[in-house]
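Remarks on the overall topology
Now for the letters of each chain:
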Amino acid sequence: MNNLLINYHDPVFSIVLIILIAVAVALMTHGWNLYRREKLKHRLDSFLERFDTASCSLEEENVPYEEGMAKPLLMLARAFEQSGNYDKTVSILLYLIRHSDDDELLIYLGRVYLRAGFLQRAEDIFLEILSRHPRRSDVLMQLELLYEKLHRYPQALDALDALEAQGEETAALRAYLHFLQIQSDREHDRESKRAELERLLEKEPALYRPILQELFRLDTDAAWSRLDPARLDELLDILWFLPPAQLQLDIIAKNSGLHSLFYARGELSEPPETPSGLFAVDLLCAARKSGFEKGDLHFAYLCSECKRSFPVSFVRCPGCMALNTVKVEERLAPQQPRRGDTLF
């Protein structure tokens, strides 16, 4: 009987045993992966039930899913997103997510909800992803942006802490959040807020434009004292629309750029001796010298990152969400009645 069994001292026995163990481990791993995938799928289905399923107009009985449909449907979703049709984008994404275990689709859905203004849904999705993949820096960045929109700055800073722990650079974002906290603070008076803003400006010159704009609202003298004539192009629209009561003519008269700007605006009667270097401003000055006083400046705001133009100013680009990328673009236009002027 013993001759029928492999002797455990025989090397062949060791090889067979190792193979059997390897096969057993492989089968157990495969079985565990199947169980885990099924569990995650069930969890995802339960998670999606929290959203309004009526927003998914693609139904299985009307549009049976096939493997080759994923890529064209995703391209269609992106096209709808670019045109601002977020309802249809969400509908396609929900359909794809139900037939896929790709977390990237779920993250994309969260970004669409964020852009569309459904912030609670976006937060739920990002937190769900982070519960499974806590080191996803792209999701943490989206979560920080979401909390920033909600003015929940402590939670936004927590997201930045997690990003910084992974080696991401967060200094510019921290400074911007600090600026937003000062701006929205209702407990401190104008003087303390002014002092905080001036300290922040020393540390973060990239926030020059939003800080100067806020200083003009809080303390005109402090704003003029911090004005850098070499960066006049960054504040051109702010100064152009500045109320006459906030002008400090002694400072304006000492700088050729400021002199040109406010001569073109009609606040000064003496023309500047030297041009400002700002094309539209110098053209208005030349027109005013020749007797034409009906010129005006209109402004657009270009993102130097994504190259898109917007009609309103921003610190974060509304398109690509880049920080401190605004470039003020001025153009000549016929003069329109300003606030307080009469039409007759």
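Residues numbered from 1 in each chain as written. Predicted model: local features only at pLDDT ≥ 70, side-chain atom pairs only at ≥ 80, totals over all residues. Heavy atoms only, no water.

What to know about the overall build of the protein chain
On a plain count of helices and strands, the protein chain comes out with 15 helices and three strands. Looking at the protein chain residue by residue over its 344 residues, the buried ones come to 39%. A fraction of 50% describes how many contacts in the protein chain between residues 6 or more apart in sequence connect residues 24 or more apart. When the accessible surface of the protein chain is totalled, it reaches about 20600 Å², and 55% of it is carbon and sulfur. (Helix = DSSP H or I, 4+ residues; strand = E, 2+ residues; numbered from the N terminus. Buried < 20%, exposed > 50% of the residue type's maximum accessible area, 1.4 Å probe, protein only. Contact = heavy atoms within 4.5 Å. Areas by Shrake-Rupley, 256 points an atom, 1.4 Å probe, with all protein chains shown as cover.)

Let's talk about the pattern of salt bridges
Overall, the coordinates contain 20 salt bridges when judged by the stated rule. Its salt-bridge partner being Arg132, residue Asp103 comes within 3.0 Å of it at the nearest N-O pair. A residue pair is termed long-range when its members are at least 10 positions apart, and Asp103 in helix H4 (residues 103-116) and Arg132 in helix H5 (residues 119-132) qualify at 29 residues. It is possible to trace a salt-bridge network through shared partners that takes in Glu191, Arg194, Glu198, Glu202, Asp219 and Arg226. (Salt bridge = Lys/Arg side-chain N within 4 Å of Asp/Glu carboxyl O.)

Structural notes on the packing of helix H2 (residues 70-82) against helix H3 (residues 86-98)
How two helices pack is summed up by the angle between their axes together with the distance between the axes. One way to put it is that H2 packs onto H3 with a least axis distance of 8 Å and a crossing angle of 155°. On the basis of the axis angle, H2 is roughly antiparallel to H3. Along this stretch, H2 crosses H3, giving a crossing that reads as left-handed. For the pair H2 and H3, contact is made by Ala70, Leu73, Leu74, Leu76, Ala77, Phe80 and Glu81 and by Tyr86, Lys88, Thr89, Ile92, Leu93, Tyr95 and Leu96, respectively. Residues of the contact of H2 with H3, tallied by class, amount to 11 nonpolar, one polar and two charged. (Axes fitted to C-alpha atoms, helices over the stretch in contact; angles between N-to-C directions. Parallel < 35°, antiparallel > 145°, perpendicular 65-115°, else oblique. Left-handed = near helix turned anticlockwise from the far one by under 90°. Nonpolar A, V, L, I, M, F, W, Y, C, P; charged D, E, K, R; others polar.)

Brief notes about the state of the cysteines
According to the stated counting rule, one finds zero disulfides in the structure shown. Between Cys317, a cysteine without a disulfide, and Cys303, which holds the nearest cysteine sulfur, the sulfur-to-sulfur distance is 3.6 Å. (Disulfide = S-S within 2.5 Å.)

Regarding a nonpolar patch on the surface
A grouping of Ile15, Ile19, Val23 and Leu27 is seen on the molecular surface, where their side chains present a nonpolar patch of about 390 Å² in accessible area. Mapped onto the secondary structure, Ile19 falls in helix H1 (residues 11-48). (Patch = residues over 30% accessible without salt bridge, like charges linked within 9 Å, V, L, I, M, F, W, Y side chains within 5 Å.)

What about the packing of aromatic side chains?
Taken as a whole and assessed by the stated rule, the structure comprises five aromatic pairs. When the centroid spacing of 5.7 Å and the interplanar angle of 70° are considered together, the rings of Phe241 and Phe299 count as edge-to-face. Separated by 58 residues along the polypeptide, Phe241 in the loop between helix H12 (236-240) and helix H13 (249-253) and Phe299 in strand S1 (residues 295-303) bring together distant segments of the chain. Overall, the relative accessible area of 14% leaves Phe299 in the buried class. The interplanar angle of 80° and the centroid separation of 5.6 Å between the aromatic rings of Phe310 and Phe314 together place this pair among those described as edge-to-face. Comparing Phe310 with Phe314 shows no difference in burial state: the two are buried. Cation over ring: Arg78 sits above Tyr108, and NZ or CZ is 4.7 Å from the ring centre. Directly above the aromatic system of Phe118 lies the positively charged group of Arg121, at a separation of 5.4 Å from the ring centroid. (Phe/Tyr/Trp six-rings, centres within 6.5 Å; stacked < 30°, edge-to-face > 60°. Lys NZ or Arg CZ within 6 Å of the ring centre and 35° of its normal.)

Quick look at the nonpolar core
Counting 86 residues, the largest nonpolar core has Leu109, Trp224, Leu239 and Phe262 as its most contacted members. Excluding residues that lie within four positions of it along the chain, Phe262 makes contacts with Trp224, Leu239, Leu247, Ile252, Glu267 and Leu268. (Core = buried A, V, L, I, M, F, W, Y, C linked by side-chain atoms within 4.5 Å.)

Notes on the sheet that holds S1
Pairing is antiparallel across the open sheet formed by three strands, whose spatial order is S2-S1-S3. Strand pairing shows two members of the sheet lacking a second neighbour, strand S2 (309-310) and strand S3 (326-334), which therefore form its edges. Note that S1 and S3 share nine bridges and pair antiparallel. Bridging from a neighbouring strand, Tyr301 pairs with Val328 of S3. With respect to the sheet, helix H15 (residues 279-289) is in contact with S1 and S3, its orientation differing from that of S1 by roughly 175°. (Pairing = 2+ DSSP bridges.)

Considerations on unusual backbone geometry
The phi dihedral of Met321 falls on the positive side, at around 65°, and the residue is not glycine. Even without glycine at this site, Asn324 takes up a positive phi of about 60°. Secondary-structure assignment places Asn324 in the loop between S2 and S3. Taking relative accessible area as the criterion, Asn324 reaches 28% and is therefore assigned partly exposed.

Examining the pairing of S1
Note on strand geometry: in a regular strand, side chains alternate between the two faces of the sheet. Of all nine residues that make up S1, seven are buried, and the element is covered over most of its length. Examined bridge by bridge, S1 and S2 share two bridges and lie antiparallel to one another. Paired with Tyr301 across the bridge in S2 is Phe310. Hairpin connection from S1 to S2: five residues lie between these consecutive antiparallel strands, with Lys307 at a positive phi of about 65°.

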